[in-house]
Amino acid sequence: QVQLVESGGGLVQAGGSLRLACAASGIIFSINAMGWYRQAPGKQREFVAGITSGGYTNYAESVKGRFTISRDNAKNTVYLQMNSLKLEDTAVYYCNRWMGPAVDWGQGTQVTVSS
């Protein structure tokens, strides 16, 4: 059974940083492209960043230059380093497959950016 467990969220002031982690089990992690997504209150879930098995990355325009996605295949974990956080980055952040059918979503991790 596939399980995705996100962690690392919290309350941070604008301009601050957070590092999110997503531990995956039940899938062959190393061959899967993985992505981070977020859902703000009253909005649909949106793509934030993705990374392929070979390390190719892509980012939403709104986070380019501020967020960095990375992965550790030995730990079946994907990370999202978030710098220069803005109020509009407030959302629940999720990980899931990228460039392929989504698997069951985890509970996400809340990121709240305050002024």
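Up top you'll find the structure we're talking about.
Residues numbered from 1 in each chain as written. Predicted model: local features only at pLDDT ≥ 70, side-chain atom pairs only at ≥ 80, totals over all residues. Heavy atoms only, no water.

Draft legend 1. Focus on the sheet that holds strand E8 (residues 77-82). Taking strand neighbours across the sheet as the criterion, the 4 strands line up as E1-E3-E8-E7 in an open arrangement whose pairing is antiparallel. A single partner strand is all that each edge strand has here, and the edge strands are strand E1 (3-7) and strand E7 (67-72). Averaged over all neighbouring strand pairs, the angle between strand axes comes to 15 degrees, with direction disregarded. Here 6 bridges tie strand E3 (residues 18-25) to E8, and the two strands are oriented antiparallel to one another. Across the sheet, the residue bridging to Leu20 is Leu80, located in E8. (Pairing = 2+ DSSP bridges. Helix = DSSP H or I, 4+ residues; strand = E, 2+ residues; numbered from the N terminus. Axes fitted to C-alpha atoms, helices over the stretch in contact; angles between N-to-C directions.)

Draft legend 2. Here's a closer look at the state of the cysteines. Tallied over the entire structure, the rule returns 1 disulfide. Here Cys22 connects covalently by a disulfide to Cys95, the sulfurs 1.7 Å from one another. Of the two residues, Cys22 sits in strand E3 while Cys95 sits in strand E9 (residues 91-97), which places them 73 residues apart along the sequence. Pair check on accessibility: Cys22 and Cys95 agree, each one buried. (Disulfide = S-S within 2.5 Å. Buried < 20%, exposed > 50% of the residue type's maximum accessible area, 1.4 Å probe, protein only.)

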